[in-house]
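Here are the chains, one letter per residue:
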Amino acid sequence: MPVPVTIIMIEDDEGHARLIERNIRRSGIHNEIIPFATGADALKYLFGSDGDAGKHEGQGLLILLDLNLPDMTGIEILRQVKENSILKSAPVVVLTTTDDSSEIKRCYELGCNVYITKPVNYEGFANAIRQLGLFFSVIQVPSTEP
């Protein structure tokens with residue numbers, strides 16, 4: 001039986017966070033979404049008080065990650081997630097305004113699964129998120145096992 005997938009959304013722009021959640025829901029995805037506005041808060045949740053992410057063992061996680069956060073880069077979060085034996089199998093979808101080719105390459109080298117550049121206009125952004133929601137409805141996410 002598949003493990004329920006929790007979506008960890010790391011996005012500092014409150015308007016983008018609301019738009020992302022609303023359009024994921026419009027695509028029929030009803031999974032729990034846990035939002036974080038800072039990298040520090042997200043890492044604290046992901047790694048827990050023991051720092052080894054043990055509380056997530058056996059869970060299904062999918063991480064939506066903005067690269068431009070107020071307190072650290074999303075690349076640093078991606079690196080830490082993919083270096084952890086428990087979290088490394090969690091799919092990471094980078095969803096950011098950055099379209100720099102070297103940054104995109106770096107994210108894939110560190111293990112991101114999908115890199116999406118946020119469209120500038122509202123309708124394009126909303127449409128991209130609805131399509132992402134449809135993608136979420138068909139992908140298989142492994143449980144986080146070391």
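Up top is the structure these notes are about.
Residues numbered from 1 in each chain as written. Predicted model: local features only at pLDDT ≥ 70, side-chain atom pairs only at ≥ 80, totals over all residues. Heavy atoms only, no water.

Caption draft 1: How the structure looks around the overall build of the chain. When you go through the chain residue by residue, the secondary structure sums to five helices and five strands. Scanning the chain from its N terminus toward the C terminus, one meets helices and strands in the order β-α-β-α-β-α-β-α-β-α. Compactness check: the chain gives a C-alpha radius of gyration of 14 Å against a globular reference of 15 Å for 146 residues, within 12% of the reference. Summarising its shape, the C-alpha atoms of the chain cover approximately 40 × 35 × 25 Å along the three principal directions. The buried share of the chain, taken over its 146 residues, is 45%. Taking the contacts inside the chain whose residues are at least 6 apart along the sequence as the reference set, 71% of them involve residues at least 24 apart. Total accessible area on the chain is roughly 7300 Å²; 52% of this is exposed by carbon and sulfur atoms. Averaging the locations of the 13 positively and 20 negatively charged side chains of the chain gives two centres separated by 4 Å. (Helix = DSSP H or I, 4+ residues; strand = E, 2+ residues; numbered from the N terminus. Rg over C-alpha atoms; globule rule 2.2 N^0.38 Å. Buried < 20%, exposed > 50% of the residue type's maximum accessible area, 1.4 Å probe, protein only. Contact = heavy atoms within 4.5 Å. Areas by Shrake-Rupley, 256 points an atom, 1.4 Å probe, with all protein chains shown as cover. Lys, Arg positive; Asp, Glu negative; His and termini not counted. Charge placed at Lys NZ, Arg CZ, Asp CG, Glu CD.)

Caption draft 2: Examining the packing of helix H3 (residues 74–83) against helix H4 (residues 101–110) more closely. Two elements in contact, H3 and H4, have axes whose closest approach is 9 Å; the angle formed by their N-to-C orientations is 15°. By the angle class used here, H3 and H4 are roughly parallel. Taken as a pair, H3 and H4 cross one another with a handedness that is left-handed. Along the contact surface, H3 presents Ile75, Leu78, Arg79 and Lys82, while H4 presents Glu103, Arg106, Cys107 and Leu110. Residues belonging to the contact of H3 with H4 are distributed by class as follows: four nonpolar, no polar and four charged. (Axes fitted to C-alpha atoms, helices over the stretch in contact; angles between N-to-C directions. Parallel < 35°, antiparallel > 145°, perpendicular 65-115°, else oblique. Left-handed = near helix turned anticlockwise from the far one by under 90°. Nonpolar A, V, L, I, M, F, W, Y, C, P; charged D, E, K, R; others polar.)

Caption draft 3: Spatial organisation of the environment of Gly74. As for its placement among the helices and strands, Gly74 is situated in helix H3. Accessibility expressed as a relative area gives 0% for Gly74, which makes it buried. Note: C-alpha distance between Gly74 and Pro35 (39 residues apart in sequence) is 14 Å. Discounting residues that sit within four places of it in the chain, Gly74 has contacts with Leu65, Asp66, Leu67 and Leu69.

Caption draft 4: Representation of empty space enclosed by the protein within the structure. In this structure the tally under the stated criterion is one cavity of 30 Å³ or more. Lining the largest cavity are Met9, Ile10, Glu11, Ile20, Leu64, Leu65, Asp66 and Leu95. (1 Å grid on protein atoms, 1.4 Å probe; cavity = no way out; pocket = protein on both sides within 12 Å on 5 of 7 lines; lining within 4 Å. Points joined across faces, edges and corners; volume = space filled by probe spheres on them.)

Caption draft 5: Molecular detail of the state of the cysteines. Under the counting rule described, the total for this entry stands at zero disulfides. With no disulfide of its own, Cys107 has Cys112 as its nearest cysteine by sulfur position, at a separation of 5.2 Å. On the basis of relative accessibility, which here comes to 0%, the residue Cys107 falls in the buried class. With a relative accessible area of 6%, Cys112 lands in the buried category. (Disulfide = S-S within 2.5 Å.)

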